[in-house]
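What the coordinates show
Take a look at the letters that make up each chain.
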Amino acid sequence: EMNRLMKTLKIGTLFGLTALLVVLFAACETPLLINGVPAGQIDLAIQGTAPQAVTTMAVGDGLTITVDVKGKDGISIGTVTLDEALLSLKEIEFELAETDEHADEEALDEADDETTDFEGPYVVDLIADTITPTPDLTLVYAGTYEEVKIKLDKIEGDELDEDDTELVANTDPLFGRSIYLLGTYEDGTNTYDFELAYDIDEEFELAGTSGVVEGFVVDESAVNAIIIAFRLNKWFDFSNTETNSDDVDFSDLGLVFGDSIVIDENLDSSSVLDEIQEVIKENIKKSADYGEDLDGDNELDSEEDDDPDEEDEDDD
C-alpha cells in the first residue's frame, strides 16, 4: 500500500512539474508588440493562377501556363500559352480596417489610417510563383486588414536585390517595363508568336467584384501567410463590360498583325490596338485577389480571398 502511495505521489509530482514547465515556457514567450499594441507577422507570397483544367506544364527547362481568350460575347476564341509572365512591383501596402476593436488603445489613435508597406521593387514571376528579392517577414498591428494596394512601376536599372547586385540586367525583357509576357496565341486555326509589354507607373487597389470585401485577419504573435493571386484567366476576357466599354474584341488583332502579335505601349500602334491594350491593362488590374492561406496549401482558394461571394474559375 505504501509503494502504491509513493508511485501515486511520484506521478502526481511529475504531472505537476510538467504543467509548471508548460506555464513557465508560455510565460517566457515574448508577445509581438508595436508600441505596446499586439502585433503579428505577414509572410507574403504572390502567385499567378489559371483554371485547373489547363494545368501548368513543364516544357524543356522552363514552365508554361495556358489561359483562355474570351471574345466580347463571352465565347472562347483561343488560348494564350505563356512562357514568361513577369511583373515589377514597386510597393505593396496593407491597410488596417477602420474598426472599433482598438478604440481604447491610445497607441492606435492613428492606426486606422495607417498602412504597412512592403517596399520594392520586386520582380514577380507569375509562372514559377517567385518573388525576387524575397520579402522579409513584416511586423504589423494585429487585426483586420480590408484593403491592399500595389504599385506597378518599370525597372530602370538602378534597382538591387538582396545581394546588392543588379535586380534586372539591361538585356532582360523586363528592363524598362513593368509587365512582360511572352508566348504564343492559338485561335484554333493558326498559331502566332505573342508578346505583350507595359510601362505602367500606377497604384491600384485590389478589391472584390461583389462589393463585399472580407479582407483578412492578422493574428497576434503569429506568422500569417498572406497571398496575392493574379487570376490569369481574367487577363484576356473581353466580355467584361466594366473593362471593355469600347466593345472591342481580341480577334480584331487580325486586322493589325500577320504571324506575330506584339502589344507594346512604347511602339507605334493603331487605334484598335490601343483599345485592346487598354482592356488587357484594366483586366490585369481587376484580376488580383488577396487573402490568408488558411489551409496551408500555398494557394489562394476562392473561399480564402477577399471576395467571399464569388467563386473563381481557377478553383473549378
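Definitions and cut-offs
- Residues numbered from 1 in each chain as written.
- Predicted model: local features only at pLDDT ≥ 70, side-chain atom pairs only at ≥ 80, totals over all residues.
- Heavy atoms only, no water.
- Phe/Tyr/Trp six-rings, centres within 6.5 Å; stacked < 30°, edge-to-face > 60°.
- Helix = DSSP H or I, 4+ residues; strand = E, 2+ residues; numbered from the N terminus.
- Buried < 20%, exposed > 50% of the residue type's maximum accessible area, 1.4 Å probe, protein only.
- Salt bridge = Lys/Arg side-chain N within 4 Å of Asp/Glu carboxyl O.
- Pairing = 2+ DSSP bridges.
- Polar contact = N/O pair within 3.5 Å; in protein donor to acceptor, adjacent residues only side chain to side chain.
- Contact = heavy atoms within 4.5 Å.
- pLDDT = per-residue confidence, 0-100.
- Patch = residues over 30% accessible without salt bridge, like charges linked within 9 Å, V, L, I, M, F, W, Y side chains within 5 Å.
- Areas by Shrake-Rupley, 256 points an atom, 1.4 Å probe, with all protein chains shown as cover.
- Lys, Arg positive; Asp, Glu negative; His and termini not counted.
- Charge placed at Lys NZ, Arg CZ, Asp CG, Glu CD.

For the rest of this paragraph, the subject is the packing of aromatic side chains. Inspection of the entire model under this criterion finds 11 aromatic pairs. Judged by centre distance (6.4 Å) and plane angle (50°), the ring pair of Phe194 and Phe250 falls under tilted. Highlighted residues: Phe194 in strand 11 (residues 191-198) and Phe250 in the loop between strand 14 (223-231) and strand 15 (260-264), separated in sequence by 56 residues. Since its relative accessible area comes to 1%, Phe194 is described here as buried. Geometrically, the ring pair formed by Phe236 and Phe250 is edge-to-face, given 6.0 Å between the ring centres and 75° between the ring planes. A residue pair is termed long-range when its members are at least 10 positions apart, and Phe236 in the loop between strand 14 and strand 15 and Phe250 in the loop between strand 14 and strand 15 qualify at 14 residues. Residue class for Phe236 comes out buried when judged on its relative accessible area of 0%. Among the aromatic residues, those joined into a ring-pair cluster are Tyr185, Tyr192, Phe194, Phe236, Phe238 and Phe250.

Turning to the pairing of strand 16 (residues 288-292), a few remarks are in order. For strand 16, the buried fraction is high: five of the five residues fall into the buried class. Both faces of strand 16 are covered, namely the face carrying Ala288, Tyr290 and Glu292 and the face carrying Asp289 and Gly291.

The next thing to look at is the pattern of salt bridges. A complete count under the given rule lists 12 salt bridges for this structure. Among the ionic pairs, Asp201 bridges to Lys151, the shortest N-O distance being 2.7 Å. Of this pair, Asp201 sits in the loop between strand 11 and strand 12 (202-206) while Lys151 sits in strand 9 (residues 143-152), and the two are 50 residues apart along the sequence. Take Lys151: its relative accessible area is 22%, and that puts it in the partly exposed class.

Time to look at the pairing of strand 9. As paired elements, strand 5 (residues 76-96) and strand 9 share seven bridges and run antiparallel to each other. By the bridge assignment, Leu96 is partnered in strand 9 with Tyr145. Where strand 9 meets strand 13 (residues 216-218), three bridges bridge the pair, whose relative direction is antiparallel. The residue of strand 13 that forms the bridge with Gly143 is Val218. In this structure, strand 9 lies alongside strand 12, joined through five bridges in antiparallel fashion. Among the inter-strand pairings, Ile150 is bridged to a residue of strand 12, identified as Phe204.

Relative to the helices and strands, Asn244 resides in the loop between strand 14 and strand 15. Given the relative accessible area of 5%, Asn244 is considered buried. Of note is the side chain of Asn244, whose polar atom sits 2.8 Å from the backbone oxygen of Val248. Beyond its immediate sequence surroundings of up to four residues, Asn244 is in contact with Lys72, Phe238 and Val279.

Here we come to the environment of Gly157. Following the sequence through the fold, Gly157 ends up in the loop between strand 9 and strand 10 (179-186). Separated by 12 residues in sequence, Gly157 and Ala169 place their C-alpha atoms 7.1 Å apart. Residues within four places of Gly157 in sequence aside, it is in contact with Glu166 and Phe175.

The subject of this paragraph is the confidence of the model for the protein. Chain-level statistics for the protein give a pLDDT mean of 79 and a share of 74% at 70 or above. Note on residues 1-28: pLDDT under 50 across the span, and zero contacts to partners over four residues away in sequence or across chains. Low pLDDT (under 50) marks residues 102-107, which in the prediction has seven contacts with non-local residues, meaning those over four places away or in another chain.

The subject of this paragraph is the environment of Pro121. With respect to the helices and strands, the residue Pro121 is situated in strand 6 (residues 115-125). On the basis of relative accessibility, which here comes to 14%, the residue Pro121 falls in the buried class. Spatially, the C-alpha atom of Pro121 lies 9.1 Å from that of Lys154, the residues being 33 residues apart in sequence. In contact with Pro121, not counting residues within four places along its chain, are Leu89, Lys90, Thr132, Pro133, Glu159 and Leu167.

Turning to a negative patch on the surface, a few remarks are in order. A grouping of Asp129, Asp295, Asp297, Glu299 and Glu303 is seen on the molecular surface, where their side chains present a negatively charged patch. Considering the arrangement of structural elements, one finds Glu299 in the segment after strand 16. Residue classification places Glu299 among the partly exposed positions, given a relative accessible area of 41%.

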